Amino acid sequence: MSVIDEIKGRLDIVEVISAYVPLQKAGRNYKALCPFHAEKTPSFVVFPETQHWHCFGACSEGGDVFSFLMKQEGWDFKTTLEELARRTGVELKPRSSVQAQRDEETSRLYQLLDAAAQYFHHLLQQAPEAEAARHYMESRGLNADTVDRFTLGYSPATWDRTRTYLLQQGYSVEEMIHAGMLVEKEERASTYDRFRDRLMIPIRDARGRVTGFGARTLDPHGIPKYLNSPQTKVFDKSRTLFGLDAARKAIRRQDQAVIVEGYMDVMQAHQAGFENVVAEMGTALTEHQIRAIQHLTKRIVLALDPDTAGIQATLRGVQVAS
């Protein structure tokens with residue numbers, strides 16, 4: 001675990017931000033007037049489950065506890081790190097310049113992916129062209145609270161609109177490629193948006209950080225049905241369980257984890273009150289995934305599809321878990 005992760009693990013973003021902004025409970029989240037621009041209707045939202053904040057108003061900015069304090073206090077990253085380390089009692093050890101640069105690059109990828117998730121979420125809720133995505137969610141029985149909880153979104157049906165938005169947010173084309181958001185054309189020195197006209201499902205790590213996306217086609221004949229982010233510095237599907245960040249508390253509380261196959265299975269289960277449910281990432285269950293759960297419970301239930309492939313996957317899962 002990095003020093004940054006250790007510091008975040010000892011902080012509650014709601015508590016930190018409430019020292020600067022009066023927050024009001026709004027479902028699972030908190031709302032307030034944005035401290036970074038003048039407004040009359042609250043558009044500043046704090047998400048306790050993912051330990052992030054985002055302004056859906058004029059700022060259109062967001063991030064974690066570090067980015068909030070940097071913007072609020074006018075501190076640079078080094079000052080913010082030192083202050084939060086002091087508050088949490090985390091000892092800072094000297095880092096090499098190479099390690100510092102590597103950590104900075106990784107942090108930028110997490111911030112970029114979170115910005116993309118919030119952008120897609122905004123489009124899903126507001127854009128006229130996202131009507132088909134909204135209808136699809138209704139057909140699957142997903143309510144507004146679930147949409148917000150999992151930050152579901154919509155990627156526009158263009159080749160460069162997401163790239164243009166992220167460029168405006170200060171991210172480079174190279175960073176977007178490294179985050180899996182852009183595809184490079186080999187024959188030409190150009191890129192295009194990887195995700196277009198799809199329901200966007202952010203994939204988060206156990207700490208709630210967006211690491212990639214699962215993108216569901218809205219075309220009944222669309223191929224592939226699901227398009228996932230490629231492997232990147234922050235995303236490895238063999239080490240990831242969808243929904244683990246939202247299920248951690250319930251798994252501990254119930255001392256049991258249920259593993260299903262798909263994103264929709266997880267979201268529908270959570271919406272129905274079964275919050276100890278997670279999903280594999282379309283591959284055979286791995287030792288890394290089992291180990292991530294075994295930190296929380298030793299009781300694992302495999303609830304995979306009852307077809308031939310599902311039965312084989314269950315048998316492999318039992319072998320891995322045993």
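Residues numbered from 1 in each chain as written. Predicted model: local features only at pLDDT ≥ 70, side-chain atom pairs only at ≥ 80, totals over all residues. Heavy atoms only, no water.

(A) Inspection of the sheet that holds strand S4 (residues 52-55) at higher detail. Taken in spatial order, the five strands make up an open sheet running S1-S2-S3-S4-S5, and their pairing is antiparallel. Edge strands, defined here as strands with exactly one partner in the open sheet, are strand S1 (24-26) and strand S5 (62-63). Along the sheet, helix H3 (residues 65-73) contacts strand S3 (44-47), S4 and S5; its crossing angle with S4, the most-contacted strand, is approximately 50°. (Pairing = 2+ DSSP bridges. Helix = DSSP H or I, 4+ residues; strand = E, 2+ residues; numbered from the N terminus. Contact = heavy atoms within 4.5 Å. Axes fitted to C-alpha atoms, helices over the stretch in contact; angles between N-to-C directions.)

(B) Here's a closer look at the packing of helix H5 (residues 97-126) against helix H8 (residues 161-168). Taken N-terminus to C-terminus, the directions of H5 and H8 make an angle of 125°; their axes are 11 Å apart at the nearest point. Classed by the angle they form, the pair H5 and H8 counts as oblique. Crossing hand, H5 versus H8: right-handed. Judged by residue contacts, Leu112, Ala115, Ala116, Tyr119, Phe120 and Leu123 of H5 engage Arg161, Thr162, Tyr165 and Leu166 from H8. Across the contact of H5 with H8, the residue classes tally to eight nonpolar, one polar and one charged. (Parallel < 35°, antiparallel > 145°, perpendicular 65-115°, else oblique. Left-handed = near helix turned anticlockwise from the far one by under 90°. Nonpolar A, V, L, I, M, F, W, Y, C, P; charged D, E, K, R; others polar.)

(C) Focus on the environment of Gly180. When you line up the elements, Gly180 lands in the loop between helix H9 (173-178) and strand S7 (182-185). The spatial distance from the C-alpha of Gly180 to the C-alpha of Val234 is 9.9 Å, given a sequence separation of 54 residues. Those residues in contact with Gly180 that sit more than four places away from it in its chain are Arg194, Phe195, Pro230 and Thr232.

(D) Layout of the environment of Phe77. Within the secondary structure, Phe77 sits in helix H4 (residues 77-88). Between the C-alpha atoms of Phe77 and Arg161, which are 84 residues apart in sequence, the distance is 30 Å. Setting aside residues up to four positions removed in sequence, Phe77 forms contacts with Ile4, Phe66 and Met70.

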